Number of protein chains: 2
Amino acid sequence: MKTMKIIITAGGISEKIDGVRKITNSGTGRLGSLTAEELVRRGGDRIEKIYYVCAPGSAVPRADAEVIPVQGAEEANTVLERLLTRENIGAVIHSMAVSDYAVDRVTTAENLAGFLADRLSSADRQEFRSTRALAEFLLECINRNDRLLDRSRKVSSELDHMLLMMRRTPKLIGLVKTLRPSAVLVGFKLLKGVDRQTLLNAGHEVMKKNSCDLVLANDQTEISGDRHVGYLLSPDGSFERYETKAEISAGIAGRVLSLLEKRERQ
Amino acid sequence: MKTMKIIITAGGISEKIDGVRKITNSGTGRLGSLTAEELVRRGGDRIEKIYYVCAPGSAVPRADAEVIPVQGAEEANTVLERLLTRENIGAVIHSMAVSDYAVDRVTTAENLAGFLADRLSSADRQEFRSTRALAEFLLECINRNDRLLDRSRKVSSELDHMLLMMRRTPKLIGLVKTLRPSAVLVGFKLLKGVDRQTLLNAGHEVMKKNSCDLVLANDQTEISGDRHVGYLLSPDGSFERYETKAEISAGIAGRVLSLLEKRERQ
């Protein structure tokens, strides 16, 4: 019987700087799309629906899936929230590379220096008894700087010292167990140029923090074309090592389906 | 006789923030690849070589062309410089969307505030006779801030106030007439959400500044899928209006080939 509903997030999501520029995370969506295909191949008779939430332009599965393109982490957050509350989601495979930061404000070093100078000049110098008090005052001023550039169109190409002030984006993975504690959750951790133990530790940290059932830990330097080294970590500390996207997606699909079956039997 | 050598630059180039994050310009390379195909279709018997310098992952022409992928504006600059000095380049069609800014340094508001506080505390307060003098001092300090984050790997996802300090990238288009004054040069100007006259004026400015023979002026809001409104401007102030990528690439290819023929006859 087709009862399982699964969300796969995939691709490298981007955040706007201005009307034409954006910040993107590496990510093609290939691993996510292969995982969707593997799920259908192995469990198509039990899967009711796959929601494939992805960055525009990502690879999409050659399998039956509802493709939902999203612009930016905040839109991805909205879509996940809606699906997790309205649909009986059994599993979430969160392979999307989300920008940890979105551009909050765009300014220049000149604008910021002018703003800080005005604030310092009008402040009571007695306030700054210590360098630390001065640093705190300056930090507050930096974060309140209102001499900003208009980001709705294209910011001028001629600025000598453009400054991008970033803010953290919502952590999508945190939504899953909060909104649907019973769902199987596969997290992903991507680092670059670290040793294996550091990578495995970071993966386990993601697992603990977000109550994942599985975490795929991988290192950017070990990904090129079809070669893709990945460690699929279990909560008991064991892991499987894979060497290609095909192996990784087969490993994830197999484990997710068996976890889903176990939960359905309970 | 096959005598013409043509460079086409295409796609949206990206600049690294750190090991996994990057800033990209919108641009798929479709217009550049179509233009290469049109050039071969109309002038294949006279074209010796097309160099197609593009962002990795861009669309590439289904026609004989040497594809040269480049990472970042600085690498594109090196490649263009080499081609323009070593090869007898007859024309350059510069449709590549280059980031005007690369990330120079990554810091946090906390780091910057601490650095500024230290500098202010150790400076002679007498120096700052005016708010303007103070602003100049602060500007210099902001640009010299050395409390930076390590960008070679992945910068932490947990920073509250990340700051990206940008620097301008080299203007690639400026190279062309400097290194090869006889080359036919097609410039591109992309704006977003402006009226037609503003767009045309901006296009003519690019033309004057870089001694272009043609400029394609277009607005991001008038580009979606195959619909692509573009104005191909001539130095005499006249222009052709096109409505699709196919029309634009045919227009550019035709004009470039006839300009190249005129110059060869001279």
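Residues numbered from 1 in each chain as written. Chains lettered and ligands numbered in written order. Predicted model: local features only at pLDDT ≥ 70, side-chain atom pairs only at ≥ 80, totals over all residues. Heavy atoms only, no water.

### Here's the deal with the relation of the copies chain A and chain B
Inference 1: Taken as rigid bodies, chain A and chain B are interconverted by a rotation of 180° and an axial shift of 0.0 Å, the fit giving an RMSD of 0.1 Å. Here the transformation between the copies is reduced to the relation of a two-fold axis. Residue Ile23(A) of chain A places its C-alpha closer to the rotation axis than any other residue of that unit, at 2.1 Å.
Inference 2: Looking at chain A, 100% of its interface residues are interface residues in chain B too, so the copies touch through the same face. (Least-squares fit on C-alpha atoms with pLDDT ≥ 70 in both. Contact = heavy atoms within 4.5 Å.)

### Let's talk about helix α6 (residues 196–210) of chain B
Residue and element names in this part refer to chain B.
Inference 1: Helix length check: α6 (15 residues) gives 21 Å between terminal C-alpha atoms against 21 Å at 1.5 Å per residue, within 8%.
Inference 2: Along α6, the residues classified as buried are Leu199, Leu200, Ala202, Gly203, Val206, Met207 and Asn210. Looking straight down α6, one finds that the buried residues subtend no more than 160° of arc, so they occupy a single side. Exposed and oriented more than 90 degrees from the buried face of α6 are Glu205, Lys208 and Lys209.
Inference 3: Summarising the contacts, the buried residues of α6 are in contact with α5 (173–179), β9 (184–191), β10 (214–224), β11 (227–233) and β12 (239–244).
Inference 4: Capping of α6 at its N-terminal end is provided by Asp195; its side-chain oxygen lies 3.2 Å from the backbone amide nitrogen of Gln197.
Inference 5: The positive-phi residue at the C-terminal boundary of α6 is Ser211, with phi of around 50°. (Helix = DSSP H or I, 4+ residues; strand = E, 2+ residues; numbered from the N terminus. Expected span 1.5 Å × (residues − 1). Buried < 20%, exposed > 50% of the residue type's maximum accessible area, 1.4 Å probe, protein only. Arc of directions from axis to C-beta. Polar contact = N/O pair within 3.5 Å; in protein donor to acceptor, adjacent residues only side chain to side chain.)

### Description of the UniProt feature "domain: DNA/pantothenate metabolism flavoprotein C-terminal" (unreviewed entry) in chain A
Inference 1: Cross-referencing UniProt, the feature "domain: DNA/pantothenate metabolism flavoprotein C-terminal" (unreviewed entry) maps to residues 2–107 of chain A in the present numbering.
Inference 2: Span residues 2–107 of chain A is 27% helix and 36% strand, its end C-alpha atoms 53 Å apart. (UniProt positions renumbered as here; feature names shortened; annotations may be inferred.)

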